[in-house]
Each structure stands twice: as structure tokens, then as C-alpha cells.
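Coordinate analysis (summary)
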Amino acid sequence: QKNFMFFPRSREPFFTGKLKVRMWHPRADLAIRYTTDDTPPNAKSALYANPIEISETTTFRAAVFAGDTRLDLKDAVIFRKVDNLKATQTQGMKR
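Here's what I pulled together on the structure shown here. All values derive from a computational prediction rather than experimental measurement. Each chain has its residues counted from 1, running along the sequence as written. Selection of residues for local features in this predicted model requires a pLDDT of at least 70, selection of side-chain atom pairs for listing and counting requires 80 or more, and totals for whole chains, interfaces and linings are taken over all residues. To obtain the side-chain values, all non-hydrogen atoms of the structure were used and water was disregarded.

**Section: the nonpolar core**
- In plain words, nonpolar cores are sets of buried Ala, Val, Leu, Ile, Met, Phe, Trp, Tyr and Cys residues tied together by side-chain atoms within 4.5 Å. The cut-offs for exposure are 20% and 50% of the maximum accessible area for each residue type, with area from a 1.4 Å probe on protein chains only; residues under the lower value are buried, those over the upper are exposed, and the others partly exposed. Formed by 16 residues in total, the largest nonpolar core has its most connected members in Phe6, Met23, Ile54, Phe60 and Phe79.
- Excluding residues within four positions of it along the chain, methionine 23 makes contact with Met5, Phe6, Ile32, Tyr34, Tyr48, Ile52, Phe60 and Ala62. Here a residue-residue contact requires only that any non-hydrogen atoms of the pair lie within 4.5 Å.

Structure follows, in C-alpha cells:
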């Protein structure tokens, strides 16, 4: 299950304005569930179906499920809203 990915693919992408976050897994028969409060997803978490538009700094955690069984948990990914993208090129923001 190591092919589970977020798009944009950067570990901690920066953005201005709005950003559409996409999630993908090669097995279409599995459900992707996610949270935006930095808690691990469970079988009752939001079900990913379409890109999610965000307009502020947001932490996503996602997992792949077969029914109620979690198969793969993705590390948290932080999408950071900034005023100036050029300023982020000279500084590294680590979680």
C-alpha cells in the first residue's frame, strides 16, 4: 500500500489563495478516509471522493480502508498558506 499519495506531491507545500488537494491510491476498490484536525482517520472519518479546496493552512491525515479495516495510514501533510511564495524558498518550515 506504499503508493498512497497526496497531490500536490511536496511534503509541506506552500500556497497562496486557494489550493485543491487530491488524494490517490492505485486500488480503486479501497476507500480513502481523511481528517483535517491532525487525528488519525478511522472508518467513520470523511470519505474522499473529489478534490478538496482549502484556503487556509490545513493538516491532512489520510488512510486507506477496506470496509472498516485500515490498511495504510499516511503521515500528516501540512499545506501552508503564505502571503508570499518567494519568501518560502529561502526558509524551511519543518513540522
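**What about the packing of aromatic side chains?**
- In this scheme Phe, Tyr and Trp rings, the latter by its six-membered ring, pair at centre separations within 6.5 Å, and the angle between planes marks the pair as stacked below 30 degrees, edge-to-face above 60, and tilted otherwise. Scanning all chains against the criterion turns up two aromatic pairs.
- Their ring planes at 40° and their centres at 5.9 Å tell us that tyrosine 34 and phenylalanine 60 sit as a pair that is tilted. Remark: phenylalanine 60 occurs in strand β7 (residues 58-66) and tyrosine 34 occurs in strand β4 (residues 31-35); sequence separation between them is 26 residues.
- Aromatic pair phenylalanine 60 and phenylalanine 79: ring centres 5.7 Å apart, planes at 85°, arrangement edge-to-face. Linking phenylalanine 60 in strand β7 with phenylalanine 79 in strand β8 (residues 69-81), this pair joins segments that are 19 residues apart in sequence. Here phenylalanine 60 matches phenylalanine 79 in class, with each residue buried.
- Counting every residue linked through ring pairs, the aromatic cluster contains Tyr34, Phe60 and Phe79. Starting at the N terminus, helices and strands are each numbered in turn, a helix being any DSSP run of H or I of at least four residues and a strand any DSSP run of E of at least two.

**Examining the sheet that holds strand β1 (residues 5-7)**
- The strand order β1-β3-β6 describes an open sheet built from three strands, whose pairing is antiparallel. Looking at which strands have only one partner, the edges of the open sheet turn out to be β1 and β6 (52-54). Strand-to-strand twist across the sheet, computed as the mean angle between neighbouring axes with direction ignored, equals 30°.
- In this scheme, strands are said to pair when DSSP sees at least two bridges between them. Note: strand β3 (residues 19-24) against β6, three bridges, orientation antiparallel. For valine 21, the partnering residue across the bridge sits in β6 and is isoleucine 52. As a rule, the C-alpha atoms of each element are fitted with a line to give its axis, helices using only the stretch in contact, and angles between N-to-C directions run from 0 to 180 degrees.

**Comments concerning the side chain of threonine 58**
- With respect to the helices, strands and loops of the structure, threonine 58 is situated in strand β7.
- Given the relative accessible area of 11%, threonine 58 is considered buried.
- Throughout this description, a polar contact denotes any pair of N or O atoms lying within 3.5 Å of each other; where both atoms belong to protein, one of them has to be capable of donating a hydrogen while the other can accept it, and for residues adjacent in sequence the pair is counted only when both atoms sit in side chains. A distance of 2.8 Å separates the side chain of threonine 58 from the backbone oxygen of glutamate 56, its partner in a polar contact.
- If we ignore the near neighbours within four places in the chain, the residues touching threonine 58 are Thr36, Val77, Ile78 and Phe79.

**Things to note about the environment of isoleucine 54**
- Along the chain, the position of isoleucine 54 falls in strand β6.
- Note on isoleucine 54: relative accessible area 7%, which makes it buried.
- Spatially, the C-alpha atom of isoleucine 54 lies 7.5 Å from that of valine 21, the residues being 33 residues apart in sequence.
- Leave out the neighbours within four places in its chain, and isoleucine 54 touches Phe15, Gly17, Lys18, Leu19, Val21, Phe60 and Phe79.

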